[in-house]
Amino acid sequence: SANFLLIKLPDSKFVYNRLLMKGILVRNFLKDDILSNHIRVSIGTREENNIFLQEFLSILEERSC
C-alpha cells in the first residue's frame, strides 16, 4: 500500500521533461543507477489523476514508448 506509482519507462528523461512542460511535476531518478529509467508519480485527487493519465498517455503515444 503506497501513495505513489513507480513507473519504468524506456525513456524516462523524455517523459519527465514533457510532463514538466505541461506543468505536471513527477520525481525522476536520472542520477540513480538502479532507478534511472523510472519516474515516481504521487497519487492525487481524481481530477489530478485523470489529467496526469491523459497527458501521460499522450506523451507515450507521441514517443511510442
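Since the model is a prediction, treat every value here as computed from it, not as a measurement.

Peer 1: Just to check I follow, could you spell out the nonpolar core for this structure?
Peer 2: Ranked by internal contacts, the top residues of the largest apolar core, which has 14 residues, are Val15, Leu19, Val26, Ile39, Phe52 and Phe56. Those elements that provide at least two residues to this core are helix 1 (12-21), strand 3 (38-42) and helix 2 (46-63). Those residues in contact with phenylalanine 52 that sit more than four places away from it in its chain are Ile7, Leu19, Ile24, Val26 and Val41.

Peer 1: I would appreciate a short explanation of the pattern of salt bridges in the present structure.
Peer 2: In a structure, side chains of opposite charge can pair up when their charged atoms sit close to one another. In total, this model carries two salt bridges according to the counting rule given. For arginine 18, the salt bridge is made with glutamate 62, and the minimal N-O distance between the two is 2.9 Å. Of the two residues, arginine 18 sits in helix 1 while glutamate 62 sits in helix 2, which places them 44 residues apart along the sequence. The class of glutamate 62 is partly exposed, set by a relative accessible area of 45%. The shortest N-O distance in the salt bridge between lysine 22 and glutamate 55 comes to 3.0 Å. Residue lysine 22 is located in the loop between helix 1 and strand 2 (27-28), and its partner glutamate 55 is located in helix 2; the two are separated by 33 residues in the primary sequence. The partly exposed category is assigned to lysine 22, whose relative accessible area is 37%.

Peer 1: I tried to follow the sheet that holds strand 1 (residues 4-8) on my own but got confused; where do I start?
Peer 2: Neighbouring strands of a sheet are bound in pairs by backbone hydrogen bonds; such pairs are parallel or else antiparallel. Overall, antiparallel pairing links the three strands, which are arranged 1-3-2 in an open sheet. One side of each edge strand has no neighbouring strand; the edge strands of this open sheet are strand 1 and strand 2. Judged from the two bridges that link them, strand 2 and strand 3 form a sheet pairing that is antiparallel. Note that in strand 3 the partner of asparagine 28 across the bridge is isoleucine 39. Contacts from helix 1 reach strand 2 and strand 3 within the one sheet, and its direction differs from that of strand 3 by about 35 degrees.

Parameters and conventions
- Residues numbered from 1 in each chain as written.
- Predicted model: local features only at pLDDT ≥ 70, side-chain atom pairs only at ≥ 80, totals over all residues.
- Heavy atoms only, no water.
- Core = buried A, V, L, I, M, F, W, Y, C linked by side-chain atoms within 4.5 Å.
- Buried < 20%, exposed > 50% of the residue type's maximum accessible area, 1.4 Å probe, protein only.
- Helix = DSSP H or I, 4+ residues; strand = E, 2+ residues; numbered from the N terminus.
- Contact = heavy atoms within 4.5 Å.
- Salt bridge = Lys/Arg side-chain N within 4 Å of Asp/Glu carboxyl O.
- Pairing = 2+ DSSP bridges.
- Axes fitted to C-alpha atoms, helices over the stretch in contact; angles between N-to-C directions.

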